[in-house]
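# Architecture at a glance
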Amino acid sequence: MVLASFFRLWNTFDYPEFLPTSDEAIHIPNAISLSTFGTTDQLNWQHPQLSGLILSGTIQLFGNNPVGWRISNVLFGIGSVLLVYLVGNLLYPASCAPLLAAGLIALDPFHIYISRTTFVELPASFFFLLYLYFMLQHTENKRSTLPFAGVAMGLTIATKAYFVIAIPLVIGYALNKARQENRLTQALYADYFFTLLLLPLSLALLSYIQWFGRGYTLPEFFRMKLDAAWALQQFRKEEFMSALMHAGGSPGEWFLKPILFGQQLSADAENGRFIMEINNFPFRMIALLSLALTGLHAWQKRSLQDALAPLLFVACYLLFIVVKRPMFSYSAMVLLPFAYLATGRAVSLLAGKIQKPALACGCFLSCVILWGVYTFPLVAGQQVPLYLYRPILAMAKIIGAN
Amino acid sequence: MRYRTTVIALTLAFSCAVLLLSFTYGPFSRVYATPPRAVTVDTDSAIYPALKSAGLKGRILILFTPLLSPQIGTNTSTESIELAMRHSLFRTVYQVVPDSAWPKVFSQNLVRPMPTPPKISDTDVTLLLEAGRITVMPLSRFWPVEENVVVIIDPAAWTPDERAHILRLMQSGNLATDFVVIINGQSDDLQQYGAYLRGK
């Protein structure tokens, strides 16, 4: 957590302008417009608006400056690391998997990059992890956390629609668990109806309060949502900033090849400063294999608990593959917790097959830390000696230079 | 058991409150022109100041003019209307054009550069903007609106018969209005609409 906080806070507020390879130039005017006029400013009316409200809240609290712009994602990023550990602990107790998964998220240069700017994928992912954590507390430890799960689900829906398949999947998992334990009663169905349907939908509707303040009523809300669904289907790849879209690769490539791109702030013959999006390729490329291994293990053990992370990964990834609209690389953010939970699980299973599992997990974690420390300066705009980073920079696409 | 009952009761109360809010908050937020009145403006760029000075909020605008040109960034009626929408004066706009001008306006809207392409139906074209919808249609396809609306009219764009038809719509209550902006209006236009509004 210390490393996660350090990498997300260090130097984050020193860049005084909107980061050119991020969407800050869209998110920040949108947030200000949302709090002033109740509507977004550009290219965002089709999406839920909670992240804009959060951003406008931090801008009102800390000012229209880099702290106000970026502090919320810093906190969501650090919180996500903690939640991945807690979720891992519930899914794979008494193993090194939670620690490895949290380590992977904490030191992932892509997650760090997203945490240092304003992308809405991070709050969406954070709220879903919170929902998953409370649901697992309910299913695994029989805690009365359903209302909290409902609140977290509502916040997820109110942020972005990435988890439309994953949310019901978790409910299905919980219902199946209850069935296995003969707890499937009418009272449980009623609890689910109130806390996992009525409560989150009401909360999601409430997140449009500023929009209703523009004079609208509920029937107009439904018409706007239908318009939004239609409009999202109309987006064409060529209408977006093509340099960013191409540099980030297609969803099919995100876990298969190195993807590095970003801005060069300065460079001379020996040193350079960059702000780069790096897809953490050494570990992302073992993620698909790890998901397959974890899935196979779950199949052999007939354990839905073991299969949950791979299933959630597939549920979110399917959306990117089948949806009829272009996807930017930052959307990969929502897949990382499940990919890394499965990676942590696969490594812990393989480590269990050798004599010294703790040593194997320790070695893997050391690699994660070394890679994270090595790539961090490239993400954070720190000056780096070019000879140390030549192999990485040779693969990178520089799409903006000062 | 007590925890369960409390959770269900709180959830129900919360949901009912949100539902109630979603039906009532919008209408309560709308601001109408008091007293109802008609004003004339000489240029397109004067439309927004005239609307702003009336203190309107959250309203439906009926725009009886074919003037929504595709030029953005200059002082056109387009800019005035879209600014008024963004600044919450209007949530929905219906642009009603003379039937004779419909083919031209229709094709203008099709080529207009916008993030979302226009939504086309048999009877109208809808532009989906960040701040709301603009539905464009010919006068013959215009239907009554159930709430009090703001009207902007360019009398020069209409024949005397069409002008009379629009005024009849207002007088019959099918187009209840509290604020009329007349573009380049003559004194008799102002008198006509003013008389109607004073009679409300």
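Calculation criteria
- Residues numbered from 1 in each chain as written.
- Chains lettered and ligands numbered in written order.
- Predicted model: local features only at pLDDT ≥ 70, side-chain atom pairs only at ≥ 80, totals over all residues.
- Heavy atoms only, no water.
- Helix = DSSP H or I, 4+ residues; strand = E, 2+ residues; numbered from the N terminus.
- Rg over C-alpha atoms; globule rule 2.2 N^0.38 Å.
- Buried < 20%, exposed > 50% of the residue type's maximum accessible area, 1.4 Å probe, protein only.
- Contact = heavy atoms within 4.5 Å.
- Buried area = accessible area lost by both parts, 1.4 Å probe.
- Salt bridge = Lys/Arg side-chain N within 4 Å of Asp/Glu carboxyl O.
- Polar contact = N/O pair within 3.5 Å; in protein donor to acceptor, adjacent residues only side chain to side chain.
- Nonpolar A, V, L, I, M, F, W, Y, C, P; charged D, E, K, R; others polar.
- Axes fitted to C-alpha atoms, helices over the stretch in contact; angles between N-to-C directions.
- Parallel < 35°, antiparallel > 145°, perpendicular 65-115°, else oblique.
- Left-handed = near helix turned anticlockwise from the far one by under 90°.
- Core = buried A, V, L, I, M, F, W, Y, C linked by side-chain atoms within 4.5 Å.
- Patch = residues over 30% accessible without salt bridge, like charges linked within 9 Å, V, L, I, M, F, W, Y side chains within 5 Å.
- Areas by Shrake-Rupley, 256 points an atom, 1.4 Å probe, with all protein chains shown as cover.
- Disulfide = S-S within 2.5 Å.
- 1 Å grid on protein atoms, 1.4 Å probe; cavity = no way out; pocket = protein on both sides within 12 Å on 5 of 7 lines; lining within 4 Å.
- Points joined across faces, edges and corners; volume = space filled by probe spheres on them.
- Expected span 1.5 Å × (residues − 1).
- pLDDT = per-residue confidence, 0-100.

### Points about the overall build of chain A
Across its full length, chain A carries 18 helices and four strands. A compact globule built from 402 residues should have a C-alpha radius of gyration of about 21 Å, and chain A, at 21 Å, falls within 12% of that. In terms of its C-alpha atoms, chain A occupies a principal-axis envelope of roughly 70 × 65 × 35 Å. The buried share among the 402 residues of chain A stands at 60%.

### So, the environment of Met 333 of chain A
Residue and element names in this part refer to chain A. In this fold, Met 333 is placed in the loop between helix 15 (304-322) and helix 16 (336-351). For the pair Met 333 and Glu 121, spaced 212 residues apart in the sequence, the C-alpha separation amounts to 6.3 Å. The residues touching Met 333, leaving out its near neighbours within four places in the chain, are Phe 110, His 111, Ile 114, Glu 121, Leu 122 and Ser 125.

### Comments concerning the interface of chain B and chain A
Each partner contributes residues to the interface: chain B has 39 residues there, and chain A has 40 residues. For the pair chain B and chain A, the summed buried surface comes to about 3300 Å²; carbon and sulfur atoms form 61% of the total. On inspection of chain B and its partner chain A, the count reaches five salt bridges. We note a salt bridge from Arg 133 of chain B to Asp 227 of chain A, for which the minimum N-O separation is 2.6 Å. On the surface where chain B and chain A come into contact, there are 22 residue pairs in polar contact (both at pLDDT 80 or more). Counting residues per element, the ones that place at least two in the side of chain B that touches chain A are helix 1 (2-29), helix 3 (77-86), strand 3 (90-97), strand 5 (125-129) and strand 6 (132-138) of chain B. No other element matches helix 1 of chain B, which puts 17 residues into the side of chain B that touches chain A. Here the side of chain B that touches chain A is composed, by residue class, of 20 nonpolar, eleven polar and eight charged.

### Section: the packing of helix 9 (residues 166-180) of chain A against helix 15 of chain A
Residue and element names in this part refer to chain A. Two elements in contact, helix 9 and helix 15, have axes whose closest approach is 9 Å; the angle formed by their N-to-C orientations is 160 degrees. The orientation of helix 9 with respect to helix 15, classified from their angle, is roughly antiparallel. The two elements helix 9 and helix 15 meet at a crossing, and its hand is right-handed. The residues of helix 15 that touch helix 9, namely those facing Ala 166, Leu 169, Val 170, Tyr 173, Asn 176 and Lys 177, are Leu 304, Gln 305, Leu 308, Leu 311, Leu 312, Ala 315 and Cys 316. Residue classes in the contact of helix 9 with helix 15 are distributed as ten nonpolar, two polar and one charged.

### A look at the nonpolar core
For soluble globular proteins, the rule of thumb is that nonpolar side chains tend to be buried together. Counting residues in hydrophobic clusters, the biggest one holds 111 residues, and the most contacted among them are Phe 128, Tyr 131 and Phe 163 of chain A. Among the elements that take part in this core, helix 7 (residues 121-140) of chain A stands out by supplying 13 residues, more than any other. Setting aside residues up to four positions removed in sequence, Tyr 131 of chain A forms contacts with Ala 149, Ala 152, Met 153, Ile 167, Val 170, Ile 171 and Leu 196 of chain A. Judged by nonpolar contacts, the second largest core, of 31 residues, contains Ile 47, Leu 56, Val 136 and Ile 152 of chain B.

### Quick word on the pattern of salt bridges
One pass over the full model with this rule turns up 16 salt bridges over all chains. Residue Arg 183 of chain A pairs with Glu 181 of chain A through a salt bridge whose shortest N-O separation is 2.9 Å. A residue is classified by how much of its surface remains accessible, and Glu 181 of chain A, at 32% relative accessible area, is partly exposed. Note that Asp 191 of chain A and Arg 4 of chain B form a salt bridge whose closest N and O atoms lie 2.7 Å from each other. Residue Asp 191 of chain A is located in helix 10 (residues 186-206), and its partner Arg 4 of chain B is located in helix 1; the two belong to separate chains. Taking the relative accessible area as the measure of exposure, Arg 4 of chain B reaches 25% and is therefore partly exposed. Through salt bridges with shared partners, a single ionic network connects Glu 220 of chain A together with Arg 30, Arg 91 and Glu 147 of chain B.

### Some points on a nonpolar patch on the surface
Taken together, Val 164, Ile 165, Val 314, Leu 318, Ile 321 and Val 322 of chain A make up a surface patch of nonpolar side chains, about 520 Å² in accessible area. Here Ile 321 of chain A shows up in helix 15.

### Focus: the state of the cysteines
All names here are of chain A. Enumeration according to the criterion identifies one disulfide over all chains in this entry. At a sulfur-sulfur separation of 2.0 Å, the disulfide partner of Cys 96 is Cys 361. Of this pair, Cys 96 sits in the loop between helix 4 (66-91) and helix 5 (97-107) while Cys 361 sits in helix 17 (residues 357-379), placing them 265 residues apart in sequence. With no disulfide partner, Cys 363 has as its closest neighbouring cysteine sulfur the one in Cys 367, 6.9 Å distant.

### Quick word on the environment of Leu 83 of chain A
Residues and elements named next belong to chain A. Checked against the element boundaries, Leu 83 lands in helix 4. Placed 294 residues apart in sequence, Leu 83 and Pro 377 show a C-alpha to C-alpha distance of 25 Å. Excluding its chain neighbours within four sequence positions, the residues that come into contact with Leu 83 are Phe 126, Leu 129, Leu 130 and Tyr 133.

### Some words on empty space enclosed by the protein
Per the counting criterion, the structure on display carries four cavities of 30 Å³ or more. Estimated volume of the largest cavity: approximately 190 Å³. Lining the largest cavity are 18 residues, and of these Trp 211, Tyr 216 and Met 224 of chain A together with Gly 132 and Arg 133 of chain B sit closest to its centre. Secondary-structure elements contributing two or more residues to the lining of the largest cavity are helix 12 (218-234) of chain A together with strand 3, strand 5 and strand 6 of chain B. A per-class count over the lining of the largest cavity returns seven nonpolar, four polar and seven charged. Ser 51, Gly 52, Leu 55, Thr 118 and Val 120 of chain A are, among the 18 residues lining the second largest cavity, the residues nearest its centre.

### Quick word on helix 2 (residues 24-37) of chain A
Residues and elements named next belong to chain A. In a regular helix each residue adds 1.5 Å, so 14 residues correspond to 20 Å; helix 2 covers 19 Å between its end C-alpha atoms and thus fits that length. Turning to helix 2, its buried residues number three or more, namely Glu 24, Ile 26, His 27, Ile 28, Asn 30, Ala 31, Ser 33 and Leu 34. For helix 2, the elements touching its buried residues are helix 3 (50-62), helix 4 and helix 11 (209-212). Directly after helix 2, the chain includes Gly 38, whose backbone phi takes a positive value near 80 degrees.

### Concerning the side chain of Asn 73 of chain A
Residues and elements named next belong to chain A. Residue position: Asn 73 is located in helix 4. Polar side-chain contacts of Asn 73 include one of 3.2 Å to the backbone oxygen of Ile 114. Once residues lying within four places of it in the same chain are set aside, the contact partners of Asn 73 are Ile 114, Ser 115, Thr 117, Thr 118, Phe 119, Leu 122 and Pro 123.

### Focus on the confidence of the model for chain B
Residue and element names in this part refer to chain B. On average, residues of chain B score 83 in pLDDT, and 86% of them reach the 70 mark or higher. When mean pLDDT is taken per element in chain B, helix 1 scores highest with 93 and helix 6 (residues 187-198) scores lowest with 69. Counting interchain partners and residues more than four positions distant, the pLDDT-below-50 stretch residues 70-75 has eleven contacts. On the interface metric, ipTM, the complex scores 0.88, and its pTM is 0.90.

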